[in-house]
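Inside the fold
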Amino acid sequence: MSKAMPDKKNQPAVADALNALLADSFALYLKTKNYHWHVEGPRFRELHLLFDEQAAQILATTDLIAERVRKNGAPTLRSIGEIGRRQSIKDDDKAGVAADAMIAQLAADNEALLAQIRETKAAAEADGDIATSGLVDGWADEAQQRIWFLKATLGG
């Protein structure tokens, strides 16, 4: 006689970690687009295109993150207000931000997002959610690549 497997639906730790990651992904997406729209200077074209490419990559993960929350039987974020309450990545509403400051800030924010991804993976593994655990590996690789490109652009 085999033991019944526990129901893994509604895994609060995994869903909470995913919702935190989702909020920060939206915050980083919008900050990256902000910098894409407002970058100026001799490297305008290079940075304008880099920021746009990175923003698109970040945005592409948001639906996957939200769907993992739902697959875990939990509700996901429902509004910009909820994103604002959950995000740990800070907005940048300043005008006239220098290009190098934009790059440095995005590198730091992507490092913060990578830390969120690691927390999500740990929560998924603790709950035996192998699907989420495997899925976040690709997001970690993308974040590491963004960090690498940004730091290389700064020359360090």
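Here we look at the overall build of the chain
Each helix and strand counted, the chain has five helices and zero strands in total. Listing every helix and strand of the chain by position from the N terminus yields α-α-α-α-α. For the chain, the spread of C-alpha atoms along the principal axes amounts to about 70 × 30 × 20 Å. Looking at the chain residue by residue over its 156 residues, the buried ones come to 42%. A separation threshold of at least 6 residues defines the contact pool for the chain, and within that pool the share at least 24 residues apart is 81%.

Notes on the packing of helix H4 (residues 99-126) against helix H5 (residues 130-154)
Contact geometry of H4 with H5 gives a least axis separation of 9 Å together with a crossing angle of 165°. What the angle tells us is that H4 and H5 run roughly antiparallel. Considering the relative orientation of H4 and H5, their crossing is left-handed. Considering only residue class, the contact of H4 with H5 consists of 15 nonpolar, seven polar and eight charged.

Re the nonpolar core
Leu47, Phe51, Ile117, Trp139 and Leu150 are the most contacted members of the largest nonpolar core, which has 39 residues in total. In contact with Phe51, other than residues within four places in its own chain, are Thr32, Tyr35, His36, Val39, Met102, Ile103, Leu106 and Leu150.

Focus: empty space enclosed by the protein
Under the criterion given, the structure shown has one cavity of 30 Å³ or more. Here the largest cavity is characterised by a volume of approximately 60 Å³. Lining the largest cavity we find Leu21, Ser25, Ile58, Thr61, Ile65, Leu113, Ile117, Trp139, Glu142 and Arg146. Those elements that provide at least two residues to the lining of the largest cavity are helix H1 (12-38), helix H2 (44-71), H4 and H5. Here the residues of the lining of the largest cavity sort into six nonpolar, two polar and two charged.

Reading guide: rules and limits
Residues numbered from 1 in each chain as written. Predicted model: local features only at pLDDT ≥ 70, side-chain atom pairs only at ≥ 80, totals over all residues. Heavy atoms only, no water. Helix = DSSP H or I, 4+ residues; strand = E, 2+ residues; numbered from the N terminus. Buried < 20%, exposed > 50% of the residue type's maximum accessible area, 1.4 Å probe, protein only. Contact = heavy atoms within 4.5 Å. Axes fitted to C-alpha atoms, helices over the stretch in contact; angles between N-to-C directions. Parallel < 35°, antiparallel > 145°, perpendicular 65-115°, else oblique. Left-handed = near helix turned anticlockwise from the far one by under 90°. Nonpolar A, V, L, I, M, F, W, Y, C, P; charged D, E, K, R; others polar. Core = buried A, V, L, I, M, F, W, Y, C linked by side-chain atoms within 4.5 Å. 1 Å grid on protein atoms, 1.4 Å probe; cavity = no way out; pocket = protein on both sides within 12 Å on 5 of 7 lines; lining within 4 Å. Points joined across faces, edges and corners; volume = space filled by probe spheres on them.

Functional significance is not addressed by these values, which are geometric in nature.
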